[in-house]
Amino acid sequence: MSTRRIFAHPARYAAIAPYLWMVLFFLVPFGFVLKISLSQTAIAQPPYVPVFDFSEGWTAIKAAFAQLSFDNFRLLISDSLYISSYLRSVVVAVTSTLILLLIGYPIAYGMARLPLRWQPIAMMLVIVPFWTSFLIRIYAWINILQHDGLLNKILLALHLVSSPVVWLSTDSAMYLGIVYSYLPFMILPLYATLSKMDTSLLEAASDLGSSPLQAFWLVTFPLSLPGVGAGALLCFIPIIGEFVIPDLLAGSGSMMIGQTLWLEFFTNKDWPVAAAAAVALLVLLVPPLLLYDRLQRRTLEGAK
Amino acid sequence: MARRIGRISPFNITALALGMAFLYLPIVILVIYSFNASRLVTVWGGWSLRWYHEFFNDRAMLDAAWMSLRVAAVSATIATLLGTLAAVGLVRGERFRGRTLFSGMLYAPLVMPEVISGLSLLLLFVALNAERGFWTVTIAHTTLTMCFVTVVVQSRLASLDRSLEEAAMDLGCDPVQAFVRVTLPLILPAIAAGWMLAFTLSLDDVVIASFTTGPGSATLPIRIYSEVRLGVKPEINAICTMVIALIAVLIVVASLASKLSGARGESAAPL
């Protein structure tokens, strides 16, 4: 009994270093983003009006608060560029998540129905691409999709098309890249729920006269819904802020919010507006995150 | 009749085969084309190591690769230390002040878009007037990857039988000794997996590195990224193949290590 109490203390001390690290390199910078999103643009290095000048004490801090402005957010709302990239992020994330579900479900289902000793191998095969560089996997697709790439060569050889099709810099290429990169994120939670399912329920369904398809729709699918939800959110949340894939594979037409932020920051060098876009992106992420948290909690409670 | 439900069906096999082909074919094609002798990426000119040779003569690419490897090794090591400490604090520390904030801070970077993490760290470094380069990228990668290490180590630690440690303490170990002699060897496979995950994530990152690096200290992904934007080059195929090979070796080593240590079901499962 007393041993437990003794142990608790050193374990708590273990948290001190990582705690301080996260406060310094996660929480504080985040405060900077908030503050700068409320600052005015200035032509300077760094290109925003300085945050605080502590040497002047309290009056300076009060003056700094008086200077906070919502101009950047007003700009975000009034400029159609931001509204459209905000909307595009949502559309792209929803569409990709739906495609991922359609493709990921049969694969996860197939894995869960493999003989038990094959399942860890199948799982390993799904995880390995997750470890392989994201950028390299996108690059691999550029190889295939380019004008005289493998895909066009095959299509031409099979006489399916008469001239090379433009694949790169289209929305289809971007969706392909996103689906390809996030597929493991969708398969793994689906597989986790499907493999835990009690197959005797299916036998019961068939004894009661339902066809395999009915059994799937009435038994398997409803039982796998927590996995569907977890997989969908695990994909949806990071896709919203995606930058690299749309930048490399989509056309130069409309941008996602992550790209707008990047452009504002590196090309236009308008840091306050970029910071405001970052805050707007975070706000967009709050509902799916809360939903995911709730889902996780319910699954944990269900497990108990 | 009922027996056959849920067994291997043609549908399941087709779904699996197509899924695996989708996941692996692009990578296989990339690797094959990295040995292409032709200057044109799309014309097959026979097998050759030409583009590997080219890479080892490309000063800028070599510097970037060296920078990436150093950043990945250093940040993965710091991240593993901090992440393991965080996991110990969370699992064994029970309640302490600010625990919710602490675990929140450790989960947030896992889901936060990289553009936001990168932007916010850059603003901090600018405010601190820190010179941007090796250390700023390393700190940024440590912050991101320690969260992944925490998740991996935490799940292993939580499933560990705590009475082992208590037995060690009953036998006269102090809590720190009990941890080092009993718990640490048991969670070592998870710590190794955490290090590897941190290493590969750092080696992969282009967004956060772009925000936090300075002029003249580009990492390999940054260089690859800027080349790829200009079009496909055979040399990039060779570099990518080498990165894939490096990661494959790491995965094999990690799964062997966890098999040897007898930890079941721990092999390189990052999620």
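The structure presented is a predicted model; accordingly, all values stated were derived computationally and were not measured.

## With respect to the overall build of chain A
For chain A, the helix and strand inventory stands at 15 helices and zero strands. Excluding contacts between residues fewer than 6 apart, the proportion of contacts in chain A whose partners are at least 24 apart in sequence is 73%. Split by element, the accessible area of chain A, about 14,800 Å² in all, is 70% carbon and sulfur.

## As for the interface of chain A and chain B
Taken together, the contact between chain A and chain B spans 90 residues of the former and 95 residues of the latter. With both sides pooled, the region where chain A packs onto chain B buries about 8,400 Å², and carbon together with sulfur makes up 81% of that total. Linking chain A to chain B there are one salt bridge. A salt bridge links A:Asp247 to B:Arg229; its shortest N-O distance comes to 3.0 Å. Where chain A meets chain B, there are nine residue pairs in polar contact (both at pLDDT 80 or more). Top element by residues in the side of chain A that touches chain B is helix 2 (residues 16-37) of chain A. It accounts for 16 residues. Grouping the constituent residues of the side of chain A that touches chain B by class yields 71 nonpolar, 10 polar and nine charged.

## Some details on the packing of aromatic side chains
Counted under the stated rule, the structure contains 25 aromatic pairs over all chains. Relative to B:Phe102, the ring of A:Tyr19 has its centre 4.9 Å away and its plane inclined at 10°; by these criteria the two rings are stacked. Linking A:Tyr19 in helix 2 with B:Phe102 in helix 4 (residues 99-111), this pair reaches from one chain into another. You'll find A:Tyr19 and B:Phe102 in the same group, each marked buried. Ring geometry for A:Phe266 against B:Phe211: centres 4.9 Å apart, planes inclined by 40°, an arrangement best described as tilted.

## Looking at the pattern of salt bridges
Residues and elements named next belong to chain A. Counted by the stated rule, this structure contains three salt bridges over all chains. The shortest N-O distance in the salt bridge between Arg88 and Asp171 comes to 3.1 Å. With a gap of 83 residues between them, Arg88 in helix 5 (residues 80-112) and Asp171 in helix 9 (residues 171-195) connect regions that are remote in the sequence. Residue Arg88 is classed as buried on the basis of its relative accessible area of 13%.

## Side note on a nonpolar patch on the surface
Residues and elements named next belong to chain B. Residues Leu25, Val28, Ile32, Trp44 and Trp47 make up a contiguous nonpolar surface patch of about 520 Å² in total accessible area. Turning to its location among the elements, Val28 is positioned in helix 1 (residues 10-33). Taking relative accessible area as the criterion, Val28 reaches 40% and is therefore assigned partly exposed.

## Observations concerning the confidence of the model for chain B
Residues and elements named next belong to chain B. Of all residues in chain B, 91% attain a pLDDT of 70 or more, and the chain-wide mean is 84. Note that residues 1-6 has pLDDT below 50 and, in this model, eight contacts with residues that lie over four places away or in other chains. Note on residues 263-271: pLDDT under 50 across the span, and 17 contacts to partners over four residues away in sequence or across chains. With a pTM of 0.84, the predicted complex shows an ipTM of 0.85.

## Topic: the nonpolar core
Of all hydrophobic cores here, the largest spans 160 residues; its most connected members are A:Val244, A:Leu248, B:Phe102 and B:Val115. Take this core: its biggest share by element is 15 residues, from helix 9 of chain A. Setting aside residues no more than four positions away along its own chain, A:Val244 makes contact with A:Phe134, A:Leu135, B:Val206, B:Val207 and B:Tyr225.

## Re the confidence of the model for chain A
In the predicted model, chain A carries a mean pLDDT of 81, and the fraction of residues at 70 or more is 86%. Scored below 50 in pLDDT, residues 1-7 of chain A shows 10 contacts in the model against residues more than four places distant or in partner chains.

## Some words on the packing of helix 7 (residues 134-145) of chain A against helix 10 (residues 220-230) of chain B
In the contact formed by helix 7 of chain A and helix 10 of chain B, the axes pass within 11 Å of each other and the chain directions differ by 20°. Considering their axes alone, helix 7 of chain A and helix 10 of chain B lie roughly parallel with respect to each other. Viewed along their axes, helix 7 of chain A and helix 10 of chain B form a crossing whose handedness is left-handed. Residues A:Leu135, A:Tyr139 and A:Ile142 of helix 7 of chain A lie in contact with helix 10 of chain B, whose contacting residues are B:Pro221, B:Ile224, B:Tyr225 and B:Val228. Looking at the contact of helix 7 of chain A with helix 10 of chain B residue by residue, the classes come out as seven nonpolar, no polar and no charged.

## Things to note about helix 2 of chain A
An ideal rise of 1.5 Å per residue puts 32 Å on 22 residues; helix 2 of chain A measures up with 30 Å between its terminal C-alpha atoms. For helix 2 of chain A, the full list of buried residues reads A:Pro18, A:Tyr19, A:Trp21, A:Met22, A:Phe25, A:Phe26, A:Pro29, A:Phe32, A:Val33, A:Lys35, A:Ile36 and A:Ser37.

## Considerations on the environment of B:Ala140
Residues and elements named next belong to chain B. Note on placement: Ala140 falls in helix 6 (residues 134-158). Separated by 41 residues in the primary sequence, Ala140 and Arg181 have C-alpha atoms spaced 32 Å apart. Not counting chain neighbours up to four residues away, the residues in contact with Ala140 comprise Leu121, Ile208 and Thr212.

## Focus: unusual backbone geometry
Residues and elements named next belong to chain A. The phi dihedral of His159 is positive, around 60°, even though this residue is not glycine. Within the secondary structure, His159 is located in the loop between helix 8 (150-157) and helix 9. On the basis of relative accessibility, which here comes to 69%, the residue His159 falls in the exposed class. You will see that Ser169, though not glycine, has its phi angle at about 60°, which is positive. Topologically, Ser169 is positioned in the loop between helix 8 and helix 9. Take Ser169: its relative accessible area is 45%, and that puts it in the partly exposed class.

## Thoughts on the environment of A:Asn72
Residue and element names in this part refer to chain A. Relative to the assigned elements, Asn72 resides in helix 4 (residues 71-78). A relative accessible area of 4% places Asn72 in the buried class. Between the alpha carbons of Asn72 and Ala192 there is a distance of 44 Å; along the sequence they are 120 residues apart.

Calculation rules
- Residues numbered from 1 in each chain as written.
- Chains lettered and ligands numbered in written order.
- Predicted model: local features only at pLDDT ≥ 70, side-chain atom pairs only at ≥ 80, totals over all residues.
- Heavy atoms only, no water.
- Helix = DSSP H or I, 4+ residues; strand = E, 2+ residues; numbered from the N terminus.
- Contact = heavy atoms within 4.5 Å.
- Areas by Shrake-Rupley, 256 points an atom, 1.4 Å probe, with all protein chains shown as cover.
- Buried area = accessible area lost by both parts, 1.4 Å probe.
- Salt bridge = Lys/Arg side-chain N within 4 Å of Asp/Glu carboxyl O.
- Polar contact = N/O pair within 3.5 Å; in protein donor to acceptor, adjacent residues only side chain to side chain.
- Nonpolar A, V, L, I, M, F, W, Y, C, P; charged D, E, K, R; others polar.
- Phe/Tyr/Trp six-rings, centres within 6.5 Å; stacked < 30°, edge-to-face > 60°.
- Buried < 20%, exposed > 50% of the residue type's maximum accessible area, 1.4 Å probe, protein only.
- Patch = residues over 30% accessible without salt bridge, like charges linked within 9 Å, V, L, I, M, F, W, Y side chains within 5 Å.
- pLDDT = per-residue confidence, 0-100.
- Core = buried A, V, L, I, M, F, W, Y, C linked by side-chain atoms within 4.5 Å.
- Axes fitted to C-alpha atoms, helices over the stretch in contact; angles between N-to-C directions.
- Parallel < 35°, antiparallel > 145°, perpendicular 65-115°, else oblique.
- Left-handed = near helix turned anticlockwise from the far one by under 90°.
- Expected span 1.5 Å × (residues − 1).

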